[in-house]
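Topology and contacts: notes
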Amino acid sequence: MRPTSPRPTTAFAALVALLSVLGLAAPAMAADGDTWTLATASNDLGHGRQNYTYALDPGGELKDSLTVDNPGTTPLHLYVHAADAFTGDGGQLDLRTRDAEQKGLGAWIRPEQADVTVQPGTSAEVPFTLTVPDGAAPGDYMGGIVTTPAGGDGTQRRGIRVWLRVGGTLEPRLSVQDVRVDYTGTANPLGTGEATVTYTVRNTGNAIVSARQQVSLSGPFDSLTVDAGKVADTPELLPGDRWKVSVPVSGVAPALRLTGKVHVVPLLTDAANSITPLTPVVSTGYAWTIPWAVVGALVVVCALIGYAVRRRRRA
């Protein structure tokens, strides 16, 4: 089955941003001072592709190639391996290292050779085969083909992204877990305090999605509601990935029992680069606070009642 282009460049842009930092998206320096570049091969699967984008059914297989160019003055010896992608702590997509365990595309892609030597001023093609297991679950998979200098420490690397959608029912879905509200009061009995709402967004579906987020706090019966303001969208999350969020909220009154509400809208980007908002997900968390103004008023009232009772008894 031929590769298609069902995925827009949104997720790829995030990958390129990180790969640039890692030396994967710009000409990288080899141990001897030379540079090398990578490109997708021009063949029946496409010409001038920026990355590899495929759609295959379980059990499907295809063959493609990676082109390695050595514009330097000495021979270049590189290791070649496939790697799974994951969402890093900074929200950018990263690729697992050569010695890490690969469970997805990193295991399904097999370069025909584990290393390649490219002579100065020449290019070499490295064919590879992508085989989707018969029992592969439908949905999105992200990975890459990576090259590193042989004999190096693995920190210098350059790769090209591979995105695969396995045929079947696509189920984009997110959940919001572990909502927690932490409240910091104020010395002013009539004042307001600060709160922090923390939670985890998890991709529980089989498609790459991001999320639009809204956070608010309210007292009993939705009273004294305070909105957190604009909260940045989550990065695009791979299936199974988690993203921890911490949102500060100002001007929160100590309303005895605070309810933190997290409203998340999953966002799915289609092949035309249009964004489709999906069914919102709402989750809540709670915190108990002490309304010092109310407590103070009750103390004063009780004291006045006690004083009045004592005076009546003396009379």
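Regarding the sheet that holds strand 16 (residues 242-252)
Overall, antiparallel pairing links the three strands, which are arranged 12-13-16 in an open sheet. Each edge of the open sheet carries a strand with a single partner, namely strand 12 (174-184) and strand 16. Strand-to-strand, the axes of this sheet are offset by a mean angle of 20 degrees, without reference to chain direction. Strand direction decides the pairing type here: strand 12 and strand 13 (residues 193-203), joined by nine bridges, are antiparallel. Its bridge partner being in strand 13, Arg-180 is matched across the sheet by Thr-198.

Looking at the side chain of Thr-148
Position of Thr-148 among the secondary structure elements: in strand 10 (residues 139-149). If we ignore the near neighbours within four places in the chain, the residues touching Thr-148 are His-77, Leu-78, Tyr-79, Arg-98, Gly-154, Gln-156 and Arg-157.

Concerning the packing of aromatic side chains
In total, this model carries three aromatic pairs according to the counting rule given. With 4.9 Å between their ring centres and 55 degrees between their planes, Trp-108 and Tyr-141 make a pair best called tilted. Of the two residues, Trp-108 is situated in helix 2 (residues 105-108) and Tyr-141 in strand 10; the sequence distance between them amounts to 33 residues. An aromatic cluster is built from Tyr-52, Tyr-54 and Phe-128, whose rings are joined through pairwise contacts. The positively charged end of Arg-98 is found above the aromatic ring belonging to Tyr-79, 3.9 Å away from the centroid. Here the basic side chain of Arg-257 rests over the ring of Tyr-286, its NZ or CZ set 4.1 Å away from the ring centre.

Considerations on the nonpolar core
Soluble globular proteins tend to bury their nonpolar side chains together. Trp-108, Leu-130 and Leu-164 are the most contacted members of the largest nonpolar core, which has 29 residues in total. Leaving out residues up to four positions away in the same chain, Leu-130 has contacts with Tyr-54, Leu-56, Gly-60, Glu-61, Leu-62, Leu-105, Trp-108, Ile-109 and Leu-164. The next biggest cluster of nonpolar side chains, apart from the first, holds 27 residues, and it includes Ala-207, Val-209, Leu-217 and Leu-258.

Concerning the pattern of salt bridges
Applying the stated criterion across every chain, the model contains six salt bridges. Ionic pairing is found between Arg-49 and Asp-64, a salt bridge with its closest N-O pair at 2.8 Å. Residue Arg-49 is located in the loop between strand 2 (35-40) and strand 3 (52-56), and its partner Asp-64 is located in strand 4 (residues 61-70); the two are separated by 15 residues in the primary sequence. Taken individually, Arg-49 and Asp-64 each receive the classification buried, so the pair is uniform in this respect.

A short note on the environment of Pro-133
Within the secondary structure, Pro-133 is located in the loop between strand 9 (122-131) and strand 10. Residue classification places Pro-133 among the partly exposed residues on the basis of a relative accessible area of 33%. The sequence separation of Pro-133 and Asp-57 amounts to 76 residues, and the corresponding C-alpha distance is 9.1 Å. For Pro-133, the contacting residues outside a window of four places in its chain are Pro-58, Gly-59 and Trp-108.

Topic: the confidence of the model for the protein chain
Per-residue confidence for the protein chain gives a mean pLDDT of 84; residues scoring 70 or more make up 79%. Per-element confidence in the protein chain ranges from a low mean pLDDT of 40 for helix 1 (residues 10-22) to a high of 98 for strand 9. The model gives residues 1-32 a pLDDT under 50, and that stretch makes 85 contacts with residues more than four places away or in other chains.

Points about unusual backbone geometry
You will see that Phe-221, though not glycine, has its phi angle at about 55 degrees, which is positive. With respect to the helices and strands, Phe-221 occurs in the loop between strand 14 (210-218) and strand 15 (226-227). The phi torsion at Leu-256 lies on the positive side, around 70 degrees, for a residue other than glycine. If you trace the backbone, Leu-256 turns up in the loop between strand 16 and strand 17 (257-269). Overall, the relative accessible area of 45% leaves Leu-256 in the partly exposed class.

Cut-off values and rules
- Residues numbered from 1 in each chain as written.
- Predicted model: local features only at pLDDT ≥ 70, side-chain atom pairs only at ≥ 80, totals over all residues.
- Heavy atoms only, no water.
- Pairing = 2+ DSSP bridges.
- Helix = DSSP H or I, 4+ residues; strand = E, 2+ residues; numbered from the N terminus.
- Axes fitted to C-alpha atoms, helices over the stretch in contact; angles between N-to-C directions.
- Contact = heavy atoms within 4.5 Å.
- Phe/Tyr/Trp six-rings, centres within 6.5 Å; stacked < 30°, edge-to-face > 60°.
- Lys NZ or Arg CZ within 6 Å of the ring centre and 35° of its normal.
- Core = buried A, V, L, I, M, F, W, Y, C linked by side-chain atoms within 4.5 Å.
- Buried < 20%, exposed > 50% of the residue type's maximum accessible area, 1.4 Å probe, protein only.
- Salt bridge = Lys/Arg side-chain N within 4 Å of Asp/Glu carboxyl O.
- pLDDT = per-residue confidence, 0-100.

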